[in-house]
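# Survey of secondary and tertiary structure
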Amino acid sequence: ARARHGVRPPTGQALAAAAAAAAALPQPNGAAAAGKGGMALGALDIFVLSAIAKIGATLVTYPLLVVKNRLQSINRHTHEDMKYAGVVDAVQRMLADEGIGGFYKGMRVKLLQTVLAAALLMMLKEEIFAATRHLLDVAAPAGRRVPASRR
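## Focus on the pattern of salt bridges
Summed over the entire model, instances satisfying the criterion amount to 4 salt bridges. Across the pair Glu98 and Arg70 runs a salt bridge whose closest N-O atoms are separated by 2.6 Å. One end of the pair, Glu98, is in helix α3 (residues 87-98); the other, Arg70, is in helix α2 (residues 43-72), with 28 residues separating them in the sequence. Assessed through its relative accessible area of 28%, Glu98 is described here as partly exposed. Notably, a salt bridge pairs Arg93 with Asp89, separated by 3.2 Å at the nearest N-O pair.

Take a look at the structure:
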């Protein structure tokens, strides 16, 4: 991946190592967060829910990315059959020539990449939040601790 301003995006291996390190930290009440109903979600719950959400988002947005990429890849060397007049023309011709499956070509690899990254990042965020909250609770004097109802 390309570095921007000297910062490189995290690799899957780095994300997995960070998630494992965060999971090893002590958890207050044995869970990352408690919802309104008082039900606590663990790291695995957060990972699975994040993965499901990202799958849904990718299924909806991937066809738009395919159309955009095809339009952007047109140049003077592109065969006339593959040149599109615009977005509507591209969508109509792709649908007629390739069917609905044409909009999802190459999605398996993209799903693996984006779902794992999003799920690991969300799980890691929740684990870091819980660990930080725990450390703040431990470090705070007894009279200055944040009540559980205000977390």
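Picking up after the structure, the text goes on.
## Focus: α2
Roughly 40 degrees is the biggest bend found in α2, and it falls at Thr61, with proline Pro63 one to four residues downstream. For α2, the complete set of buried residues consists of Ile46, Ser50, Ala51, Thr58, Tyr62, Pro63, Val66, Val67 and Arg70.

## A few points about the packing of α2 against α3
Closest axis-to-axis distance for the α2/α3 pair is 10 Å, and the angle between their directions is 110 degrees. By the criterion of interaxial angle, the relationship of α2 to α3 is roughly perpendicular. Facing α2, whose interface residues are Val66, Val67, Arg70 and Leu71, α3 presents Val87, Ala90, Val91, Met94 and Glu98.

## Looking at a nonpolar patch on the surface
Nonpolar side chains collect at one region of the surface, where Ile55, Leu59, Val60, Leu95, Ile100 and Tyr104 lie side by side and expose about 530 Å² of accessible area between them. In terms of residue count, the dominant contributor to the nonpolar patch is α2 (3 residues). Turning to its location among the elements, Val60 is positioned in helix α2. According to the relative accessible area criterion, Val60 is exposed, its value standing at 61%.

## Quick notes on the nonpolar core
Grouped burial of nonpolar side chains is what soluble globular proteins tend to show. If you look at the biggest cluster of nonpolar residues, it comprises 12 residues: Ala51, Tyr62, Val66, Val67, Tyr84, Ala90, Met94, Phe103, Met107, Leu111, Val115 and Ala119. Of all the secondary structure elements, the ones that give two or more residues to this core are α2, α3 and α4 (107-139).

## Let's talk about the environment of Met123
Topologically, Met123 is positioned in helix α4. Overall, the relative accessible area of 11% leaves Met123 in the buried class. Spatially, the C-alpha atoms of Met123 and Phe47 are 5.3 Å apart, while their sequence positions differ by 76 residues.

## Digging into the packing of α2 against α4
Helices that pack against each other are described as a pair by the angle of their axes relative to one another and the distance between those axes. Running from amino to carboxyl end, α2 crosses α4 at an angle of 140 degrees, the nearest separation of the two axes being 8 Å. By the angle between their axes, α2 is oblique relative to α4. You can see that α2 and α4 cross each other, and the crossing is right-handed. The residue makeup of the contact of α2 with α4, split by class, is 16 nonpolar, 3 polar and 4 charged.

## Overview of the confidence of the model for the chain
Confidence in the prediction for the chain averages 78 pLDDT; 68% of positions are at 70 or higher. When mean pLDDT is taken per element in the chain, α3 scores highest with 92 and strand β1 (residues 33-34) scores lowest with 50. Low confidence marks residues 28-33, where pLDDT is under 50. Its contacts with residues over four positions away, or in another chain, come to 15 contacts.

What counts and how
- Residues numbered from 1 in each chain as written.
- Predicted model: local features only at pLDDT ≥ 70, side-chain atom pairs only at ≥ 80, totals over all residues.
- Heavy atoms only, no water.
- Salt bridge = Lys/Arg side-chain N within 4 Å of Asp/Glu carboxyl O.
- Helix = DSSP H or I, 4+ residues; strand = E, 2+ residues; numbered from the N terminus.
- Buried < 20%, exposed > 50% of the residue type's maximum accessible area, 1.4 Å probe, protein only.
- Bend = angle between axes of the 7 residues up to and from the residue.
- Axes fitted to C-alpha atoms, helices over the stretch in contact; angles between N-to-C directions.
- Parallel < 35°, antiparallel > 145°, perpendicular 65-115°, else oblique.
- Contact = heavy atoms within 4.5 Å.
- Patch = residues over 30% accessible without salt bridge, like charges linked within 9 Å, V, L, I, M, F, W, Y side chains within 5 Å.
- Areas by Shrake-Rupley, 256 points an atom, 1.4 Å probe, with all protein chains shown as cover.
- Core = buried A, V, L, I, M, F, W, Y, C linked by side-chain atoms within 4.5 Å.
- Left-handed = near helix turned anticlockwise from the far one by under 90°.
- Nonpolar A, V, L, I, M, F, W, Y, C, P; charged D, E, K, R; others polar.
- pLDDT = per-residue confidence, 0-100.

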